[in-house]
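Coordinate analysis (summary)
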Amino acid sequence: MRFHVLTLFPEMIRQGCSHGVVGQAVKDGKIRIETVNPRDFATDVHRSVDDRPFGGGDGMVLLPEPLAAATGKALSAAGGPARKIYLSARGRPFSDAMSRELATVDEVVLLCGRYGGVDQRLIEAEGYEEVSIGDYVLSGGELGALVVIDAVSRHRPGVLGNSASSFDESFAEVLLEHPQYTRPREWLGLEVPVVLLSGNHAKVRDWRRNAAVLLTAQARPELLSDAMSRGVLNGSGVRAALEALEALSDGERRAIGLRDPGLVRARLRPFSQALSGSRGSEP
Ligand code: ADE
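Residues numbered from 1 in each chain as written. Predicted model: local features only at pLDDT ≥ 70, side-chain atom pairs only at ≥ 80, totals over all residues. Heavy atoms only, no water.

Some details on the pattern of salt bridges
It is possible for side chains bearing opposite charge to pair when their charged atoms get close. Applying the stated criterion across every chain, the model contains 17 salt bridges. We note a salt bridge from D96 to R100, for which the minimum N-O separation is 2.8 Å. You can see D96 and its partner R100 sitting in helix α4 (residues 96-102), 4 residues apart, about one turn around the helix. Among the charged side chains, a network of salt bridges with common partners joins R83, R92, E101 and E129. (Salt bridge = Lys/Arg side-chain N within 4 Å of Asp/Glu carboxyl O. Helix = DSSP H or I, 4+ residues; strand = E, 2+ residues; numbered from the N terminus.)

The structure is reproduced here in structure tokens:
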């Protein structure tokens, strides 16, 4: 898969894609990153890429012509159909589902804005989809492009090792991930939950599911109803998590980061009455 990133700061993208999982995927040829600098397509002596907004106001707006030429260069390098995404605070929220869907595409063009934004006619004429990485305004699209590249690359075959598939995928997709621990077994008086040392895979898996449900109820309660309606969680799964909560020692609660058990209990109880067959979808 190849990402064509249109940016005035190609070094930000090259640097951002040269470490960790993404850096390794680039080295292995599992993903490719090309950058195109719209400034190379500026037509005046000053190599201008922006101008003042019609109607007045702060900030400069990126000119459509250099961006259209840069898009053309990316598309001819793609040599076929490509998805075109403009990173923008006004866009559709980026999500896990979107990252999985994009991972099925071979050529993706990512347009990074800067300054006061991009002339909207360029977005419409080229058919860019607008995508936001969160409800805040960044000073440019590069960080958004790096977020998209990272999240999408993880879903490409061979980019992650076995570690990614070790936890029930559909569960992890909807609920928050369970916490992890490594050596030492006891640190600052905080002990690793004993079941994780047992070697009993079924028990470990149950513990992790319950911890994921409890932590989701604490930090992102709005995800619970989504998990219930998607069948990833059901009444017996919630009851199991509530029972696990009662069985936790103080030390385990602290090690897990469950700071407000009363709140977690209150948020889960309404879901515990739901009809249930199994406790949630199995992998
Ligand atoms: N550019 C500026 N703000 C952004 C955001 N929230 N997401 C993606 N691109 C952006």
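Details of the site of the ligand
In the region of the ligand, the neighbouring residues are L87, S88, A89, V131, S132, I133, G134, Y136, V137, L138 and G140. The separation between a nitrogen atom of the ligand and a polar main-chain atom of L138 is 3.0 Å. Counting residues per element, the ones that place at least two in the shell around the ligand are β5 (83-93) and β7 (129-132). Looking at the shell around the ligand element by element, the count peaks at 3 residues for β5. Its residues assigned to classes, the shell around the ligand comprises 7 nonpolar, 4 polar and no charged. (Near = heavy atom within 4 Å. Polar contact = N/O pair within 3.5 Å; in protein donor to acceptor, adjacent residues only side chain to side chain. Nonpolar A, V, L, I, M, F, W, Y, C, P; charged D, E, K, R; others polar.)

Comments concerning the state of the cysteines
In the structure shown here, the tally under the stated rule is 0 disulfides. Sulfur of C17: no disulfide; nearest cysteine sulfur belongs to C112 and is 10 Å away. (Disulfide = S-S within 2.5 Å.)

Side note on the side chain of E130
Along the chain, the position of E130 falls in strand β7. According to the relative accessible area criterion, E130 is buried, its value standing at 18%. Within the local environment of E130, its side chain forms a polar contact with the side chain of S88, the two groups lying 3.1 Å apart. Among residues more than four places away in sequence, those in contact with E130 are Y86, S88, R90, G91, R92, Q120 and I123. (Buried < 20%, exposed > 50% of the residue type's maximum accessible area, 1.4 Å probe, protein only. Contact = heavy atoms within 4.5 Å.)

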